Each structure stands twice: as structure tokens, then as C-alpha cells.
Amino acid sequence: MTALLLALAAGALVGLALGSLGAGGSILTVPALIYLLGFTPAEATTASLIIVIVTSLAALVAHARAGAVRWRAGLLFAAAGLLPAAAAGLLSVHIPAIVLTLAFAVLAVLAALRMLRRRTPQGAGTVSAGRAAGAGAGLGAITGFLGVGGGFLAVPALVGVLAVPMSAAVGTSLLVIIANALVALTARAATAVTLDWVLIVPFIATAVLGAWDGKRLAAKVSPNTLQRVFGSLLLAVAVTMAAGVVL
């Protein structure tokens, strides 16, 4: 019963982050699965992709209804990351659990610091095809390797590289997250990872509800305030993970 309650609570938080910021939720999913629900790193990164896909899809629908998704820019950005996501997904299953956990902790620290320091970015005037392809490929590789959507990288990249306005960057990042996560999950399909659906299903259920609430929250609270709140939470989680690995 305790594990079920933890799954419900963690799912709600993840959905809230994804729905309001288009970022942060997926990078909270992996540590929640490992430290709260007892998943191994391999199980957690695979389950995270499933949770991220379903939750991001629910949030994407809400943003699309509001006309806040740039479909062409999102699909072009996602396309550059498909092959790296597949390759990294295949590679990750051969990496020791402690290495995956430490790599994830380092990435989470960087993501948290970025969220805490960054102001709402402004769109660039020109778009470089090379930079767009590089950013998309890097995001795809991170998604495949660590089982995170990479929204904390996608949002600023969409704004700064593809000149997507901030009002549409959150919704568009969800499209990118879904595409990369689907490819990464497909690459892992042949691996022998057992998933606890009794915990994953309620996690997804509250995450979807949280995503809808997050979309409404984003309209009432400034993006900078949301970034600082989730950034602080993520930093605490990341430091705890890193300490657990080192100690």
C-alpha cells in the first residue's frame, strides 16, 4: 500500500512538471522509480520512457488545443534525434547500473542548475540548420541513454535555435520528447527487463492528471517561478543520488 501511495504522489509531481514546463518531469521519474519504488536503474529508465510518452501525450493534447504547438519545427528537431536515440538505447543496456546512476545524477545536477539560473529565453532571429541538427541529435542521445525526455534541454534549444516563441516552446518540446522516447523504448524492446505494472499504471494515471493541472498552472504562474521551484526540487534529488553512489 505504501508503494502504491508513493507511485500516485510521484506521478502527480512528474505530470505537473511536464504539463507546466514541458521539462523536469521525466528527469524526476527515474529517481522516483529507483529510490521510492525499488526499481533497478535498467528497469527505471525503461519504465520512465513509457511514463514519459503517455504523460507527454496527454500534455501535448492540452497544448495543441490551445494552439501552442509548432508542429513543423518540433518534427524537424525530433527527426535529428531519432537515430542517436535508438543507438543510445541499445548501448545503455550494456552499461553497469552504477555508471548509469552516476551519469543520471550528474545530468540532473546540470539540469537543476540550468533551471535555477535561466531566465525565460527569447527567440533567436535566425535559425542555423547545423545547430538545430546538432541540438536534436544530442537530445536524442540523452533520451536513449538515460531514459529521460530531455525537455529541460529541448525548451531552450527550440527557442534559441529554432526561433520558436516561448509561448509555444513548452508544447512543442512535448512533441520532441514523445518522438525521442518512442524510438528509445523501441530500441530497448528486445531487452529482458521486467516491469512492475502494478506500480507503473497508477504512476501514469496521476501523471496524466498532473499534466492537465500543469497546463492550467502554466497560465497562472510565471515560467521563471516554476523553473526555480522544480529546479530546487531536482537539485535536492540529484545531490541525494550522487551521494548515494559515491558513499
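All figures in this text were calculated on a predicted structure; none of them were measured in a lab.

A. Region of the structure containing the overall build of the chain. In terms of helices and strands, the chain carries 11 helices and 0 strands. The linear arrangement of helices and strands in the chain, starting from the amino end, is α-α-α-α-α-α-α-α-α-α-α. Every one of the 247 residues in the chain was classed for burial, and the buried ones make up 51%. In the structure as shown, the chain presents an accessible area of about 10,300 Å², 71% of it carried by carbon and sulfur atoms.

B. Focus on the side chain of Thr 206. Take Thr 206: it is sitting in helix α10 (residues 197-218). A polar contact of 3.3 Å, which involves the side chain of Thr 206, links it to the backbone oxygen of Phe 203. Discounting residues that sit within four places of it in the chain, Thr 206 has contacts with Ala 7, Leu 8, Gly 11 and Ala 12.

C. Looking closely at the nonpolar core. Of all hydrophobic cores here, the largest spans 43 residues; its most connected members are Leu 33, Phe 39 and Phe 203. Those elements that place two or more of their residues in this core are α1 (2-21), α2 (25-36), α3 (41-65), α6 (97-117), α9 (166-187), α10 and α11 (223-246). Ignoring any residue separated from it by four or fewer positions in sequence, one finds Leu 33 in contact with Gly 38, Phe 39, Ala 44, Ala 47, Ser 48, Ile 51 and Phe 203.

D. Summary view of the environment of Ala 87. Note on placement: Ala 87 falls in helix α5 (residues 82-92). In the structure, Ala 87 is positioned 58 residues away from Phe 145 in sequence and 8.4 Å away in space, judged by C-alpha atoms.

E. Quick look at a nonpolar patch on the surface. Side chains of Met 1, Leu 4 and Leu 5 sit close together on the surface and give an oily, nonpolar patch of about 330 Å² of accessible area. Secondary-structure assignment places Leu 5 in helix α1.

F. Fine view of the side chain of Thr 29. Note that Thr 29 resides in helix α2. Not counting the four nearest positions on each side in its chain, Thr 29 is found in contact with Val 14, Ser 48, Ile 51 and Phe 203.

G. Broad picture of the environment of Gln 227. Locating Gln 227 in the fold gives a position in helix α11. A C-alpha to C-alpha distance of 9.1 Å links Gln 227 and Arg 114, two positions 113 residues apart in sequence.

H. Quick peek at helix α4 (residues 71-79). All of the buried residues along α4 are Ala 73, Gly 74, Phe 77 and Ala 78. One side of α4 carries all its buried residues, which in axial view fall inside an arc of 125 degrees. Away from its buried face, by an angle of more than 90 degrees, α4 presents the exposed residues Arg 72 and Leu 76.

I. Seen up close, the environment of Ile 34. Along the chain, Ile 34 falls in helix α2. Contact partners of Ile 34, with chain neighbours within four places excluded, come to Phe 39, Thr 40, Pro 41 and Ala 44.

J. A look at α3. In this model α3 runs 36 Å from its N-terminal to its C-terminal C-alpha over 25 residues, within 8% of the 36 Å that 1.5 Å per residue would give. Counting buried residues along α3, 18 of its 25 residues qualify, which places the element largely inside the surrounding structure. Of the residues one or two after α3, Gly 67 is the one with positive phi, at around 70 degrees.

Rules used in this analysis
- Residues numbered from 1 in each chain as written.
- Predicted model: local features only at pLDDT ≥ 70, side-chain atom pairs only at ≥ 80, totals over all residues.
- Heavy atoms only, no water.
- Helix = DSSP H or I, 4+ residues; strand = E, 2+ residues; numbered from the N terminus.
- Buried < 20%, exposed > 50% of the residue type's maximum accessible area, 1.4 Å probe, protein only.
- Areas by Shrake-Rupley, 256 points an atom, 1.4 Å probe, with all protein chains shown as cover.
- Polar contact = N/O pair within 3.5 Å; in protein donor to acceptor, adjacent residues only side chain to side chain.
- Contact = heavy atoms within 4.5 Å.
- Core = buried A, V, L, I, M, F, W, Y, C linked by side-chain atoms within 4.5 Å.
- Patch = residues over 30% accessible without salt bridge, like charges linked within 9 Å, V, L, I, M, F, W, Y side chains within 5 Å.
- Salt bridge = Lys/Arg side-chain N within 4 Å of Asp/Glu carboxyl O.
- Arc of directions from axis to C-beta.
- Expected span 1.5 Å × (residues − 1).

On their own, these measurements won't tell you what the molecule is for.
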